[in-house]
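Residues per chain are reported as follows:
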Amino acid sequence: MSDVAPAVSLAKRPADVMKKLVALCKQRGFVFQSSEIYGGLKSAYDYGPLGAELKRNLMGEWWKDMVTTRENVVGIDASIIMHPNVWRASGHAAGFSDPLVDCKISKERFRADKAPRPAVGSPLPITCADKGVAKEWAERIAKEYGVELERDANVLNGLVAISASEFGFVPKGASAPTKTWPWRGYVGPTFGSPFLTDEKQFNLMFRTALGAVDPMQEVAVHLAKIGALPPPERADYLTQTFPTETAVAGSLMLKALDAVRDPNRYQDFIRSFIEHFTSLSSVYLRPETAQAMFVQFKNVMDSSGMKPPFGIAQMGKSFRNEVTVEHFIFRSCEFEQMEMEFFCEPGTQKEWMAFWKEARMSWWRRFANYPEDFVFRQHAKDEMAFYADDCYDVEYKYPWGWGELEGIASRTDYDLTQHEKHSGVTLQYVDQEKADPKTGAKPWKYKPYVIEPAAGATRALLCFLIDAYHEEERTTATGEKEIRTVLKLHPKLAPIKCAVLPLVKKDGMPEKAREIIAALLKAGVNAKYDEKASIGKRYAKHDEIGTPYCITVDGDTLTADTVTLRDRDTTLQVRLPIAEVVATIKARLEA
RNA sequence: GCGGGUGUAGCUCAAUGGUAGAGCGACAGCCUUCCAAGCUGACGACGAGGGUUCGAUUCCCUUCACCCGCUCCA
């Protein structure tokens, strides 16, 4: 809230930076489209040699800053597949019960459970944006449903809710409907249209089956048997084969179905039948890494001697079926997170929120060329989850606008409470020293409150690439104007730290360069030897992949044992003895 | 999911109802003493499937993927 988005000079990077960056990522081996030779897979990306280094460096810096340099934070590395009840407790499983519906006329999409439900017997006017749209929609309805609705300016009249499961068209003056359609009792929220698609289940989580036997096999066997039986015997097959509550419910449903013969209800039956079998072996890929930290809260505390205030951190992949994927790797179904849950005494959450806000923003800006492109945005009350106390997003100024990078949420004791309820295990801290503020009794048993800084690693990678992308106009040796592309990545993030280049490929220079690179590699510096093409081309190539330093072996090296050290951003060179190369590069990387 | 656009070599782009070229890059070699010099060579593509046609990269359909805008977003 204290930070305001500043005006940004448009000249700092080209307007089509995303296009250029995506091309560079592919060409130089940062990011490839997944399974590209098979035509690609929606929203899946692979990190190439340079991308993998960049991501490791980035996540390593996070881990170092959040875990290894802090006494009060420990890390875990949890399984991606967790007990299904974890997601019932967290609320993510509820995502499965939010059916989405599309209006066939307006193409509006909405959640069925939030749609208006007009009373039986009431008219169902369709309110269009304007008269032109009304005319267009009326024609569409006439064509697809065979009825001419009456147009009154922008409103289409004539439809009536006949019963809870049927609506119809009643022409002006008529007493009975001339045509009817099945109905689920609700209309589109914006325009009031009852012409809707079936309800589609939106799967937030990726579901898979744990176990070697395919549950669908069993489903197929039973459905085949049921299908082969005459209707009166179907319900009995269920109760005889599955003497459970589900079977009884299922058989009742089947009996009712065979009585009404409504295809939609059959669909419901088959769906719940499949659900019954698959749910036994269904597990989910985690949609966030956070829950493992709550679930293992007690184990971590018991095993590591941690006590509030303390944090548990984790990095790793998460999976969500996004409705829309967009902007390259910005929103994808498989992504990587860097999250921490910080457990603190109830009542201290505001101070800790302030502490972590500062810590996190300073981390982001530390690696940025344009720190002002990272800002906080406080969530409005109605924007936050109902249990949340306070929430800030770290937003980045992407080429397409401000977008989320990290959410820092004050989650109260909601998560621990939920897992207590669902697991039956007490998740609390017993403070022997303090008295319960309410009762005054010792010890104080409490469920810690949680501050959660949850950052997107994939998004971090993208924003630092955008931040680093620079173009400069320069004049070549032959006098032509040319664009120099430089990735001004922070040296700690840069995939390759140092290139070692013989000025020319002769006179013993390659040999000298090989000696230097061996020393750098031995010292743990990710260095690269390159003797191809001209020296200028090699500099340009390393500028483009963000290599911060180039060591060049030249004629003087052979007589004086000195080399030049070139800085990527300034292109300036200094001469130094070979003996000092490793120490100098290491010192610069540590700075 | 909707609407619009795009898909030709690693990248950026051409041409064409008779199976395709360039620039840059990358690779091999030659040359080259500090910021994308030059020469030689080899490699390399019509996203996928189907249809129309004597013949399709070109026209049509389907599909996949990407981009823009909506919509959606525990």
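Computed from a prediction, not measured in an experiment: that's the story for all the values here.

Draft legend 1. Expanded view of the overall build of chain A. Across its full length, chain A carries 17 helices and 30 strands. Taking 2.2 N^0.38 as the reference for a compact globule, 591 residues should give roughly 25 Å; the C-alpha atoms of chain A span a radius of gyration of 32 Å, well beyond that estimate. Counting only C-alpha atoms and orienting by the principal axes, one finds that chain A spans roughly 105 × 70 × 55 Å. Sorting the 591 residues of chain A into buried and exposed places 47% on the buried side. Once local pairs closer than 6 in sequence are excluded, the contacts in chain A between residues at least 24 apart make up 63%. Of the roughly 29,200 Å² of accessible surface on chain A, 54% is carried by carbon and sulfur atoms. In chain A, the 77 positive side-chain charges and the 80 negative ones have mean positions that sit 2 Å from each other.

Draft legend 2. Focus on the packing of aromatic side chains. The final tally for this structure, using the stated rule, is 35 aromatic pairs. Note on Trp352 and Phe355: the rings are 5.3 Å apart at their centroids and 75° apart in plane angle, and the pair reads as edge-to-face. Of this pair, Trp352 and Phe355 are both found in helix 11 (residues 349-366), 3 residues apart, which corresponds to roughly one turn of the helix. Where Trp363 meets Phe367, the ring centres are 5.2 Å apart and the plane angle is 65°; that geometry is what we call edge-to-face. As far as burial versus exposure is concerned, Trp363 and Phe367 are alike and both buried. One aromatic cluster is present, formed by Phe330, Trp363, Trp364, Phe367, Phe374, Tyr396, Tyr398, Trp400 and Phe464 through successive ring pairs. A cation over a ring is seen here: Lys357 above Phe376, with NZ or CZ 4.7 Å from the ring centre. The lysine or arginine in question, Arg514, covers the ring of Tyr529, its NZ or CZ lying 3.7 Å from the ring centre.

Draft legend 3. A look at the sheet that holds strand 10 (residues 159-163). The antiparallel open sheet is built from 3 strands, whose spatial order is 10-11-12. Whereas interior strands pair on both sides, the edge strands pair on one side only; in this sheet they are strand 10 and strand 12 (179-182). This sheet shows a mean twist of 30° between the axes of neighbouring strands, independent of strand direction. Relative to strand 11 (residues 166-169), strand 10 runs antiparallel, the two sharing 4 bridges. Of the residues in strand 11, the one forming a bridge with Val160 is Gly168.

Draft legend 4. Just the protein's contact with RNA strand B, in detail. Within the structure, RNA strand B sits among 47 residues, and Lys26, Arg320, Arg474, Lys532 and Ser534 are positioned closest to it. Backbone atoms, meaning sugar plus phosphate, form 60% of the atoms of RNA strand B positioned within 4 Å of the protein. The contact in question runs from a phosphate oxygen of RNA strand B to an N or O atom on the side chain of Lys506, over 3.3 Å. Note that a base nitrogen of RNA strand B is positioned 3.1 Å from one of the side-chain N or O atoms of Thr564. When residues of the surface near RNA strand B are traced back to their parent elements, those giving at least two are helix 1 (17-28), strand 6 (109-111), helix 15 (535-544) and strand 29 (562-567). Sort the elements by how many residues they give to the surface near RNA strand B and helix 15 lands first, with 7 residues. Split by residue class, the surface near RNA strand B holds 13 nonpolar, 16 polar and 18 charged.

Draft legend 5. Main features of the packing of helix 2 (residues 49-68) against helix 13 (residues 457-468). With their axes 10 Å apart at the nearest point, helix 2 and helix 13 run at an angle of 110° to one another. When the axis of helix 2 is compared with that of helix 13, the two are roughly perpendicular. Only Ala457, Ala460, Leu461, Phe464 and Leu465 of helix 13 make contact with helix 2, whose side of the interface consists of Gly51, Leu54, Lys55, Leu58 and Met59. Looking at the contact of helix 2 with helix 13 residue by residue, the class counts come to 8 nonpolar, 1 polar and 1 charged.

Draft legend 6. Here's a closer look at the nonpolar core. Residues Phe30, Trp356, Trp364, Phe374, Phe464 and Leu487 are the most contacted members of the largest nonpolar core, which totals 58 residues. In terms of residue count, the dominant contributor to this core is helix 13 (9 residues). If near-sequence neighbours (up to four positions away) are discounted, Trp356 is found in contact with Met66, Arg70, Val73, Met340, Phe342, Ile408, Ile451 and Pro453. One finds Val101, Cys103, Phe167 and Leu196 within the second-largest nonpolar core, a separate group that totals 27 residues.

Draft legend 7. Structural detail: the domain arrangement of chain A. In terms of domain boundaries, chain A breaks down into domain 1 (10-89 + 287-465), domain 2 (99-201), domain 3 (207-284) and domain 4 (496-590). On a C-alpha basis, the centres of domain 1 and domain 3 stand 40 Å from each other.

Draft legend 8. The arrangement of the sheet that holds strand 23 (residues 449-456) in detail. Taking strand neighbours across the sheet as the criterion, the 7 strands line up as 3-16-17-23-20-19-18 in an open arrangement whose pairing is mixed. Edge positions in the open sheet fall to strand 3 (73-75) and strand 18 (374-378), since each of these has one partner strand only. Ignoring strand direction, the axes of neighbouring strands in this sheet form an average angle of 25°. As defined by bridge partners, strand 16 (residues 310-319) adjoins strand 17 (residues 334-344) across 10 bridges and the pair is classed as antiparallel. Bridging across to strand 17, Ala313 finds its partner in Met340. Across the sheet, helix 13 lies against strand 17, strand 18, strand 19 (390-398), strand 20 (401-412) and strand 23, angled at about 40° from strand 19, the strand it touches most.

Draft legend 9. The environment of Ala176, seen in detail. Take Ala176: it is sitting in the loop between strand 11 and strand 12. With a relative accessible area of 44%, Ala176 lands in the partly exposed category. Expressed as a C-alpha distance, the spacing of Ala176 and Ile162, which sit 14 residues apart in the sequence, is 9.6 Å. Residues contacting Ala176, with those up to four places away along its chain left out, are Val170 and Pro171.

Draft legend 10. Here's a closer look at the side chain of Lys492. When you line up the elements, Lys492 lands in the loop between strand 25 (481-487) and strand 26 (498-502). Buried charged residue Lys492 carries no salt bridge. Nearest counter-charge: Glu590, at 4.3 Å. Polar contacts involving the side chain of Lys492 include one to the main-chain carbonyl oxygen of Leu589, which spans 3.1 Å. Beyond its immediate stretch of four places on either side in the chain, Lys492 contacts Asn57, Glu61, Phe367, Lys497, Leu589, Glu590 and Ala591.

Criteria and cut-off values
- Residues numbered from 1 in each chain as written.
- Chains lettered and ligands numbered in written order.
- Predicted model: local features only at pLDDT ≥ 70, side-chain atom pairs only at ≥ 80, totals over all residues.
- Heavy atoms only, no water.
- Helix = DSSP H or I, 4+ residues; strand = E, 2+ residues; numbered from the N terminus.
- Rg over C-alpha atoms; globule rule 2.2 N^0.38 Å.
- Buried < 20%, exposed > 50% of the residue type's maximum accessible area, 1.4 Å probe, protein only.
- Contact = heavy atoms within 4.5 Å.
- Areas by Shrake-Rupley, 256 points an atom, 1.4 Å probe, with all protein chains shown as cover.
- Lys, Arg positive; Asp, Glu negative; His and termini not counted.
- Charge placed at Lys NZ, Arg CZ, Asp CG, Glu CD.
- Phe/Tyr/Trp six-rings, centres within 6.5 Å; stacked < 30°, edge-to-face > 60°.
- Lys NZ or Arg CZ within 6 Å of the ring centre and 35° of its normal.
- Pairing = 2+ DSSP bridges.
- Axes fitted to C-alpha atoms, helices over the stretch in contact; angles between N-to-C directions.
- Near = heavy atom within 4 Å.
- Polar contact = N/O pair within 3.5 Å; in protein donor to acceptor, adjacent residues only side chain to side chain.
- Nonpolar A, V, L, I, M, F, W, Y, C, P; charged D, E, K, R; others polar.
- Parallel < 35°, antiparallel > 145°, perpendicular 65-115°, else oblique.
- Core = buried A, V, L, I, M, F, W, Y, C linked by side-chain atoms within 4.5 Å.
- Domains from an automatic or database assignment.
- Salt bridge = Lys/Arg side-chain N within 4 Å of Asp/Glu carboxyl O.

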